[in-house]
Amino acid sequence: MLGTRLRIRPYNRRYRGDLLDLSWYSQWTHKHLDWYTISRWLDRDDALVFLAWEGEALVGYIGLSPENDGASWIRLLGLRDGFMPATIVRELWRCAEAKCLELGISNIMVLMVSNWLPAYLRDFGFIYWDDIITFNYLGKHEARPPKPALKVRPAEMGHLPAIARVDRMAFRRNFRLSQVDLRQALRIAAAATIAEYEGEIVGYQVSTRHCEVGHLARLAVIPGMQKRQIGSALLQRQLSDFEGRGISTISVNTQLSNLPSQRLYQRYGFFRTGFDLEIWTKALPRP
């Protein structure tokens, strides 16, 4: 239980070890970091992280992504076992929300990867927004030649500004990646490719690999170039790449509301696994 000494403080690097220990040992842990380990994510100077202390004991933490087009995601949330979770979460959220308002963040998102989260976040005004759904691919695909004006080739760091432009145009603001995050995605990717149409970068994909399973982590085409088989060309190239490495099990996630994306994957033999995760959101007053 908690006494009267619960204090919320901004994260400081000297508490790095305390936070990492708590995230490792506690069963009350939410982590949604995509391209980062907790350790590397904490090295960012722009992340919004708050710690809850009871005396000298760290009893909770919350971490939100940096503001991007007015949106942010809850990336970390953890509590120490044996303490009162509702009180800790409430106080952590109170401080995090105040900071978001100060920074002009108007929309907070959270992926419900932990089944204990909804009971607490519902009390703070979070509501259901969409589902992330998962598809798997087993087997071979029939390759089709890309259009003559289209080139698909490996992405390089020098392509980063153009890739960020495609990302910004292709995704709703809640799902856009900052250039910092895109750089990290390219850095850890098992494969990353760009699609060039008449010399302009109009699409890209980033894939990762875990042991013998491949994952298509990001695929985007600018709106004006969609329905021209550019997404198909990027997908084909990556399926061939994985198959050439002996990887036949490949996964991909998309939104339940994104029907064009689902149709693309299904055309190439992907099937829905039934593993779905809810996305919740909360709107904050605009300054």
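Quantities reported herein were computed from a predicted structural model and do not represent experimental measurements.

Taken as a whole, this structure holds 10 aromatic pairs when the rule is applied. Where W93 meets F126, the ring centres are 5.2 Å apart and the plane angle is 65°; that geometry is what we call edge-to-face. Here F126 lies in the loop between α4 (117–121) and β7 (127–138) and W93 lies in helix α3 (residues 85–103), a separation of 33 residues in the sequence. Here F126 falls in the buried class, since its relative accessible area comes to 2%. Each member of the aromatic cluster is reached from another via a ring pair, and the members are F135, Y137, Y265 and F270. The ring of F171 carries R218 above its face, with NZ or CZ at 3.9 Å from the centroid.

Another point: α3. Along an α-helix, a turn takes 3.6 residues, which lines up residues three or four apart on a common side. With 19 residues, α3 ought to run about 27 Å at 1.5 Å a step, and its terminal C-alpha atoms sit 27 Å apart, in line with that. Buried within α3 we find P85, T87, I88, V89, E91, L92, W93, C95, A96 and C100. Once α3 finishes, G104 follows within two positions and takes phi at roughly 80°, a positive value.

Moving on, we get to the pattern of salt bridges. Here the structure, examined in full by the defined rule, presents 18 salt bridges. Residue D181 pairs with R44 through a salt bridge whose shortest N-O separation is 2.6 Å. Residue D181 is found in helix α6 (residues 179–188), and its partner R44 is found in the loop between α2 (38–42) and β3 (48–54); the two are separated by 137 residues along the sequence. Relative accessible area serves as the criterion here: at 12%, D181 is assigned to the buried category. Of the residues examined, R44 reaches a relative accessible area of 13% and is grouped as buried. Between E91 and R94 there is a salt bridge, with the nearest N and O atoms lying 2.9 Å from each other. Of the two residues, E91 and R94 are both situated in helix α3; the distance of three residues between them amounts to about one turn of the helix. Taking relative accessible area as the criterion, R94 reaches 48% and is therefore assigned partly exposed. Look at the salt bridges and you will find they share partners, linking R44, D46 and D181 into a network.

Attention now moves to the pairing of strand β13 (residues 271–283). Sheet topology places strand β6 (residues 107–111) next to β13; five bridges connect them, and they run antiparallel. By the bridge assignment for β13, M109 is matched with T281. Relative to β13, β7 runs antiparallel, the two being bridged by eight bridges. Residue N136 lies in a different strand from β13, and its bridge partner there is F271.

A few words now on the environment of E54. The residue E54 is located in strand β3 in this model. Along the chain, E54 and W93 lie 39 residues apart, while their C-alpha atoms are 16 Å from each other.

What follows covers the pairing of strand β11 (residues 213–221). Alignment of strand β10 (residues 200–210) against β11, held across eight bridges, turns out to be antiparallel. Counted as the bridge partner of Y204 is A220 from β11. Hairpin connection, β10 to β11: the antiparallel pair is bridged by two residues, and C211 has positive phi, about 55°. For β11 and strand β12 (residues 249–255), the ladder comprises four bridges, and the chain directions are parallel. Note that in β12 the partner of G214 across the bridge is I250. Handedness of the β-α-β unit built from β11, helix α7 (residues 230–244) and β12 comes out right-handed.

What follows is about the side chain of R44. A distance of 2.6 Å separates the side chain of R44 from the side chain of D181, its partner in a polar contact. Discounting residues that sit within four places of it in the chain, R44 has contacts with Y36, P66, S178, V180 and D181.

We now examine the nonpolar core. Ranked by size, the top nonpolar core spans 65 residues in total, and within it L19, L51, Y204, L235 and F270 carry the most contacts. Tallying contributions element by element places α7 first for this core, with six residues. Aside from chain neighbours lying at most four places away, what touches F270 is F135, N136, Y137, L235, L239, I250, V252 and Y265. In this structure, F50, C95, C100 and F126 belong to the second largest nonpolar core, which totals 28 residues.

Attention now moves to the environment of R218. Relative to the helices and strands, R218 is located in strand β11. Counting along the chain gives 137 residues from R218 to D81, while the straight-line C-alpha distance between them is 35 Å. Leaving out residues up to four positions away in the same chain, R218 has contacts with D167, F171, F175, R176, L177, Y204, Q205 and V206. At 2.5 Å, the side chain of R218 and the backbone oxygen of F175 are in polar contact.

Conventions we followed
Residues numbered from 1 in each chain as written. Predicted model: local features only at pLDDT ≥ 70, side-chain atom pairs only at ≥ 80, totals over all residues. Heavy atoms only, no water. Phe/Tyr/Trp six-rings, centres within 6.5 Å; stacked < 30°, edge-to-face > 60°. Helix = DSSP H or I, 4+ residues; strand = E, 2+ residues; numbered from the N terminus. Buried < 20%, exposed > 50% of the residue type's maximum accessible area, 1.4 Å probe, protein only. Lys NZ or Arg CZ within 6 Å of the ring centre and 35° of its normal. Expected span 1.5 Å × (residues − 1). Salt bridge = Lys/Arg side-chain N within 4 Å of Asp/Glu carboxyl O. Pairing = 2+ DSSP bridges. Right-handed = clockwise from strand over helix to strand, strands pointing away. Polar contact = N/O pair within 3.5 Å; in protein donor to acceptor, adjacent residues only side chain to side chain. Contact = heavy atoms within 4.5 Å. Core = buried A, V, L, I, M, F, W, Y, C linked by side-chain atoms within 4.5 Å.

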